[in-house]
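Residue strings, one per chain:
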Amino acid sequence: MIRLLIVEDDTNLSFLIKKKLEKQGDYIVETAANGTEGLRCLSSFRPDIIVTDLEMGDAMDGNTMIERIRKANNDIPIIVLTGKLEFLKQSGANMYLKKPFEVQQLDLNVRSLLQQKGIGEDAPKTYKIGRFTFDTTARRLILPPSDGNAAEEQEIRITPTGAKVLEMLCREMGSCVDRKKIQGSIWGDYDNESISHNLDVQIDKLRGALKADPNVSIEILKKTGIILKG
């Protein structure tokens, strides 16, 4: 479960975010109306990540709260929500999301940031892809010989980014994985043309690495998603 703290003085917005995220089934969300309440919840709720507005009327604002958190040597991931980027100071936030935004976009950014920080990772270390074994830690594909001779085992190294893409596809083997989900989780931006092109490049490289097993394939559904079969 992802423990998320929302610090936002717009109670309608924070309630909407809380409702939609918790409906997914893998979030526990706490809300705070200002920076003072946010610091209090940080101690009592112990979130995995904080999502905060910057301007909060006369109460402690988001920048001040972040500065106090960082001065306490707390490196908890923080996403800033703001409609006015001129208010975004170098206070120590990890990422910003410009208002207005979709909750799906926030979800993608949260998961991306937690993945970068290595928080809440309980995925398997290896996956079977046809005859291949994918070692996510070493970022390598291992292909045993057809006759079982271990001395002839093949090992194929893949890039860090390619390994992240392949792991996401492995988690939903045989199912269509949304392109935007992949882009948001790995690159932190779910709607960028250059990143979309980069994803296609990574898929081409992975196809080359997996070509030794003709039963393994990666199918791209135009503007929709990607399916790993094996």
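This section reports on the structure supplied with the text. These numbers were taken from a predicted model, which means no experiment stands behind them. (Residues numbered from 1 in each chain as written. Predicted model: local features only at pLDDT ≥ 70, side-chain atom pairs only at ≥ 80, totals over all residues. Heavy atoms only, no water.)

### A short note on the packing of helix 2 (residues 35-44) against helix 3 (residues 62-71)
Stage number 1. Relative orientation of the contacting elements helix 2 and helix 3 amounts to 30°, with a least axis distance of 9 Å. Two packed elements cross with a definite hand, and for helix 2 against helix 3 that hand is right-handed. Only M65, R68 and I69 of helix 3 make contact with helix 2, whose side of the interface consists of G35, G38, L39 and L42.
Stage number 2. Taken together, the residues of the contact of helix 2 with helix 3 sort by class into 4 nonpolar, 2 polar and 1 charged. (Axes fitted to C-alpha atoms, helices over the stretch in contact; angles between N-to-C directions. Helix = DSSP H or I, 4+ residues; strand = E, 2+ residues; numbered from the N terminus. Left-handed = near helix turned anticlockwise from the far one by under 90°. Contact = heavy atoms within 4.5 Å. Nonpolar A, V, L, I, M, F, W, Y, C, P; charged D, E, K, R; others polar.)

### Digging into the pairing of strand 3 (residues 49-53)
Stage number 1. Among the 5 residues of strand 3, 5 are classified as buried, and the element is accordingly described as predominantly covered.
Stage number 2. Because side chains alternate across strand 3, one face comprises the buried residues I49, V51 and D53, and the other comprises I50 and T52, equally buried.
Stage number 3. Pairing of strand 1 (residues 2-7) with strand 3 involves 4 bridges; the strand directions are parallel. Bridging from a neighbouring strand, I6 pairs with V51 of strand 3.
Stage number 4. Bridge analysis of strand 3 against strand 4 (residues 78-82) gives 4 bridges, and the strand direction is parallel. (Buried < 20%, exposed > 50% of the residue type's maximum accessible area, 1.4 Å probe, protein only. Pairing = 2+ DSSP bridges.)

### Quick word on helix 4 (residues 103-117)
Stage number 1. Taking 1.5 Å as the rise per residue, helix 4 with 15 residues should run 21 Å; its terminal C-alpha atoms sit 21 Å apart, in good agreement.
Stage number 2. Regarding helix 4, the residues found buried are V103, Q105, L106, D107, L108, N109, V110, S112, L113 and L114. (Expected span 1.5 Å × (residues − 1).)

### Focus on the sheet that holds strand 12 (residues 225-229)
Stage number 1. Pairing is antiparallel across the open sheet formed by 3 strands, whose spatial order is 10-12-11. Because the sheet does not close on itself, it has two edges, and the strands there are strand 10 (176-178) and strand 11 (217-221). Strand-to-strand twist in this sheet, taken as the mean axis angle between neighbours without regard to direction, amounts to 25°.
Stage number 2. As paired strands, strand 11 and strand 12 are joined by 5 bridges and run antiparallel to one another.

### Re unusual backbone geometry
Stage number 1. With an omega of -5°, the peptide bond between K99 and P100 qualifies as cis.
Stage number 2. With respect to the secondary-structure elements, P100 resides in the loop between strand 5 (95-98) and helix 4.
Stage number 3. In this structure, R46 is a non-glycine residue whose phi angle is positive, near 55°.
Stage number 4. Within the element layout of this structure, R46 appears in the loop between helix 2 and strand 3.
Stage number 5. With a phi angle near 55°, R139 is a residue other than glycine that sits in the positive phi range.
Stage number 6. By the secondary structure assignment, R139 is in the loop between strand 7 (132-135) and strand 8 (140-143).

### Regarding the packing of aromatic side chains
Stage number 1. Under the counting rule described, the total for this entry stands at 1 aromatic pair.
Stage number 2. On the numbers, 6.5 Å between centres and 25° between planes, the contact of Y127 with F134 is stacked.
Stage number 3. Taking relative accessible area as the criterion, Y127 reaches 11% and is therefore assigned buried.
Stage number 4. Taking the relative accessible area as the measure of exposure, F134 reaches 0% and is therefore buried.
Stage number 5. If you follow R3 out to its NZ or CZ, it ends over the ring of F45, 4.3 Å from the centre. (Phe/Tyr/Trp six-rings, centres within 6.5 Å; stacked < 30°, edge-to-face > 60°. Lys NZ or Arg CZ within 6 Å of the ring centre and 35° of its normal.)

### Topic: the side chain of S196
Stage number 1. Relative to the helices and strands, S196 is located in helix 7 (residues 193-210).
Stage number 2. Under the relative-accessibility criterion, S196 is labelled buried at 17%.
Stage number 3. Filtering out sequence-adjacent residues up to four positions away, S196 remains in contact with R179 and Q183.

### Structural notes on helix 2
Stage number 1. Those residues of helix 2 lying buried are G35, G38, C41 and L42. An end-on view of helix 2 places all buried positions within 115° of arc, on one side of the element. Exposed residues lying more than 90 degrees from the buried face of helix 2 are R40, S43 and S44.
Stage number 2. The inward-facing, buried residues of helix 2 abut strand 1, strand 2 (27-32), strand 3 and helix 3.
Stage number 3. Capping the start of helix 2 is the job of one residue whose side-chain oxygen sits 3.1 Å from the backbone nitrogen of T36: N34.
Stage number 4. Remark: R46 follows helix 2 within two positions and exhibits a positive phi of approximately 55°. (Arc of directions from axis to C-beta. Polar contact = N/O pair within 3.5 Å; in protein donor to acceptor, adjacent residues only side chain to side chain.)

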